[in-house]
Amino acid sequence: VDAPGLEALLYHALRRLGIMEPWSDVLVLFCIPAAWSPATRIALCRIAMEGLGVGGIYLAEQPVLAAWATGTNTALVVDVGGGGVTVTAVIDGRSE
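The structure displayed is predicted, hence computed values, not measured ones.

So, the overall build of the protein
And then number 1: A count of helices and strands for the protein gives 3 helices and 5 strands.
And then number 2: Each helix and strand of the protein, placed in order from N terminus to C terminus, yields the pattern α-β-α-β-α-β-β-β.
And then number 3: Within the protein, the fraction of its 96 residues that count as buried is 24%.
And then number 4: Across the protein, contacts joining residues at least 24 apart in sequence account for 50% of those joining residues at least 6 apart.

As structure tokens, this is what we get:
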């Protein structure tokens, strides 16, 4: 993870949304790929909490959010993108 770059991007996004510092009362939901490693997830949390000082974060995996968007907790999510295709089983709101 490019920590300085990600921190700068998050800083810019918060400012662009008109959310001014301090961000201790700001809660952020990150929509992340299911394949991200625990180390990458921890790095993202550190950047948001320690670097920017947001009040709280929630990491939600993209396939789970896609299932919830259709009104179900269980689904087979097929993501066809420019970089390839991923297929993820979501069972009871958790990606498998």
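Let's talk about the pairing of strand β3 (residues 75-81)
And then number 1: As paired elements, β3 and strand β4 (residues 84-91) share 7 bridges and run antiparallel to each other. When the bridges of β4 are listed, V77 appears paired with T88.
And then number 2: In this structure, the hairpin formed by β3 and β4 is closed by a connection of 2 residues.

Describing the nonpolar core
Soluble globular proteins: nonpolar side chains tend toward being buried together.
And then number 1: Grouped together as the largest cluster of nonpolar side chains are 12 residues: L10, L14, W23, V26, V28, F30, I32, L44, I47, A48, L52 and V54.
And then number 2: Elements with a minimum of two residues in this core: α1 (3-16), β1 (27-32) and α2 (38-51).
And then number 3: Apart from residues lying up to four places away in sequence, V28 is in contact with V54, G56, I57 and Y58.

Some words on the sheet that holds β4
And then number 1: If you walk across this open sheet you meet the 3 strands as β3-β4-β5, and the pairing is antiparallel. Edge strands, defined here as strands with exactly one partner in the open sheet, are β3 and β5 (94-95).

Section: helix α3 (residues 62-69)
And then number 1: Listed as buried for α3 are P63, V64 and A67. Projected down its long axis, α3 shows its buried positions confined to an angular sector of 100°, all on one face.
And then number 2: In the core, the buried residues of α3 are packed alongside β2 (56-61), β3, β4 and β5.
And then number 3: Just beyond α3, the residue with positive phi is G71, at close to 85°.

A closer look at the packing of aromatic side chains
And then number 1: Throughout the structure, instances matching the rule amount to 1 aromatic pair.
And then number 2: Centre to centre, the rings of Y11 and W23 are 5.4 Å apart; their planes meet at 70°, and the pair counts as edge-to-face. Linking Y11 in helix α1 with W23 in the loop between α1 and β1, this pair joins segments that are 12 residues apart in sequence.
And then number 3: Given a relative accessible area of 33%, Y11 falls into the partly exposed group.

Calculation notes
- Residues numbered from 1 in each chain as written.
- Predicted model: local features only at pLDDT ≥ 70, side-chain atom pairs only at ≥ 80, totals over all residues.
- Heavy atoms only, no water.
- Helix = DSSP H or I, 4+ residues; strand = E, 2+ residues; numbered from the N terminus.
- Buried < 20%, exposed > 50% of the residue type's maximum accessible area, 1.4 Å probe, protein only.
- Contact = heavy atoms within 4.5 Å.
- Pairing = 2+ DSSP bridges.
- Core = buried A, V, L, I, M, F, W, Y, C linked by side-chain atoms within 4.5 Å.
- Arc of directions from axis to C-beta.
- Phe/Tyr/Trp six-rings, centres within 6.5 Å; stacked < 30°, edge-to-face > 60°.

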